[in-house]
Amino acid sequence: MPRLDINDTTLHYEDEGAGPALLFLHGWGTSGRTWGAQLPDFTRDHRVVTVDWRGCGRSARPARGNTTAEVVSDLVALIGALRLDRPVVIGSSIGGSFATELAVRQPELIAGVVPVGAPGYWPSAQAQAELVTALRRDRAGTVAGWVPGWYAPGTAPALIDWTVRQILDSGVYIDEHQATANGYDPRPTLPGLQVPIHYVHGELDTAIPLEVARTCAALTPEAEVSVIAAAAHMPHQERPDRFNTALRTALARMAQATRANA
């Protein structure tokens, strides 16, 4: 299992394929395994790296450093250690927030960002506070009751159950991300973003409504939004064929923009 020791923690990652680099970031509490429907397609013509960020999946579960700033610092170190050549960073849910922050803080390291169902800002601070309280009181019951809402009606129960198991297997210290989520709002920085960004969002997403992606895109120069029909918060898992097509379109447009600005 490839592992990388950085910033006083240990990250598990997978690195396959050759070509333009892609870095995939999972959402809260899950792991790089959530991109399983993308890997066979994109490793054919890209170098694809997935990483379990700190506290999740097969990575270490440190009590400290579970903040957006520290995860972004981990990503900077990962990109350097693996010598990734300006990857496009694709991030699901809060992973999309990490990707956006990486673009804001160190745009020279990456070629573009694709937030997927990402909280460009959090619609309800009160809901986040109630969630953190519920997780501390009854973690298993709260996760089991919450996660089905991430998916569109008709999603296979096995996929939902697998997601619940991943989250319960991750460390409890990642709850800090939920506790501080209502303080995150990149909207003031988006007009000055220096790398291409393309939002991908499920039309049925109730966890982070489609309005969030459209609001952020309207603030960002030349940003676009691809809407995945009949999908909710996890379109890369729910409708992988549609998602992969949308991602390839986004990558082609970013490559074209990069050539035009060269």
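How each quantity is defined
Residues numbered from 1 in each chain as written. Predicted model: local features only at pLDDT ≥ 70, side-chain atom pairs only at ≥ 80, totals over all residues. Heavy atoms only, no water. Helix = DSSP H or I, 4+ residues; strand = E, 2+ residues; numbered from the N terminus. Rg over C-alpha atoms; globule rule 2.2 N^0.38 Å. Contact = heavy atoms within 4.5 Å. Areas by Shrake-Rupley, 256 points an atom, 1.4 Å probe, with all protein chains shown as cover. Phe/Tyr/Trp six-rings, centres within 6.5 Å; stacked < 30°, edge-to-face > 60°. Buried < 20%, exposed > 50% of the residue type's maximum accessible area, 1.4 Å probe, protein only. Expected span 1.5 Å × (residues − 1). Arc of directions from axis to C-beta. Polar contact = N/O pair within 3.5 Å; in protein donor to acceptor, adjacent residues only side chain to side chain. Axes fitted to C-alpha atoms, helices over the stretch in contact; angles between N-to-C directions. Left-handed = near helix turned anticlockwise from the far one by under 90°. Nonpolar A, V, L, I, M, F, W, Y, C, P; charged D, E, K, R; others polar. Core = buried A, V, L, I, M, F, W, Y, C linked by side-chain atoms within 4.5 Å.

Student: What is the right way to look at the overall build of the chain in this model?
Tutor: Within the chain, the secondary structure is distributed over 10 helices and 8 strands. A globule of 262 residues ought to have a C-alpha radius of gyration of about 18 Å, and the chain, at 17 Å, matches this closely. Overall, the chain is about 55 × 40 × 35 Å in size when its C-alpha atoms are taken along their principal axes. Of all intrachain contacts in the chain linking residues separated by at least 6 positions in sequence, the fraction that spans at least 24 positions is 77%. Total accessible area computed for the chain in this model is approximately 11,100 Å², and 51% of it derives from carbon and sulfur atoms.

Student: Would you explain the packing of aromatic side chains in this entry?
Tutor: Each aromatic ring pair is specified by the distance between its two centres and by the angle formed by the two planes. Enumeration over the complete set of coordinates arrives at 5 aromatic pairs. Ring centres of Phe-24 and Trp-35 lie 4.8 Å apart, and the angle between their planes is 50 degrees; on these two criteria the pair is classed as tilted. Note that Phe-24 is positioned in strand β3 (residues 21–25) and Trp-35 in the loop between β3 and α1 (39–42), a separation of 11 residues in sequence. Summarising the burial analysis for this pair, Phe-24 and Trp-35 share the class buried. For the ring pair Trp-53 and Phe-98, a centre distance of 5.0 Å and an interplane angle of 90 degrees mean the geometry is edge-to-face. Taken together, the residues Trp-53 in the loop between β4 (47–52) and α2 (68–81) and Phe-98 in helix α3 (residues 94–105) connect sequence positions 45 residues apart. By relative accessible area, Phe-98 is classed as buried at 0%.

Student: Please clarify how α2 should be interpreted in this entry.
Tutor: Because each turn of an α-helix spans 3.6 residues, side chains separated by three or four positions end up pointing in the same direction. Helix length check: α2 (14 residues) gives 20 Å between terminal C-alpha atoms against 20 Å at 1.5 Å per residue, within 8%. By the burial criterion, the buried members of α2 are Val-71, Val-72, Asp-74, Leu-75, Leu-78 and Ile-79. Each buried residue of α2 sits inside an arc of 155 degrees when the element is viewed along its axis, so together they form one side. Contacts made by the buried residues of α2 are with β1 (3–6), β2 (9–16), β3, β4, α3 and α7 (175–179).

Student: Explain the environment of Thr-43 to me, please; I cannot follow it from the model alone.
Tutor: Assignment of secondary structure puts Thr-43 in the loop between α1 and β4. For the pair formed by Thr-43 and Leu-22, sequence separation is 21 residues and the distance between their alpha carbons is 9.3 Å. Not counting chain neighbours up to four residues away, the residues in contact with Thr-43 comprise Glu-16, Gly-17, Ala-18 and Val-48. Separated by 2.6 Å, the side chain of Thr-43 and the backbone oxygen of Leu-39 make a polar contact.

Student: Please explain the packing of helix α5 (residues 139–146) against helix α6 (residues 157–169) as it appears in this structure.
Tutor: Describing two packed helices takes the angle between their axes plus the distance from one axis to the other. It is at 10 Å that the axes of α5 and α6 come closest, and there the two elements cross at 145 degrees. Viewed along their axes, α5 and α6 form a crossing whose handedness is right-handed. Where α5 abuts α6, its residues Arg-139, Ala-140, Val-143 and Ala-144 lie against Val-164, Ile-167 and Leu-168. Looking at side-chain class alone, the contact of α5 with α6 contains 6 nonpolar, no polar and 1 charged residues.

Student: I'm lost on the nonpolar core in this one. Help?
Tutor: Here is a general trend for soluble globular proteins: nonpolar side chains tend to be buried in one another's company. Counting 54 residues, the largest nonpolar core has Leu-23, Leu-25, Val-51, Trp-53, Ile-110, Val-147 and Tyr-199 as the members making the most contacts within it. When near neighbours in sequence (up to four residues on either side) are disregarded, Leu-25 contacts Trp-35, Val-51, Leu-75, Val-89, Ile-90, Gly-91, Ser-92, Gly-95, Phe-98 and Ala-99. One finds Trp-35, Phe-42, Ala-246 and Leu-247 within the second-largest nonpolar core, a separate group that totals 18 residues.

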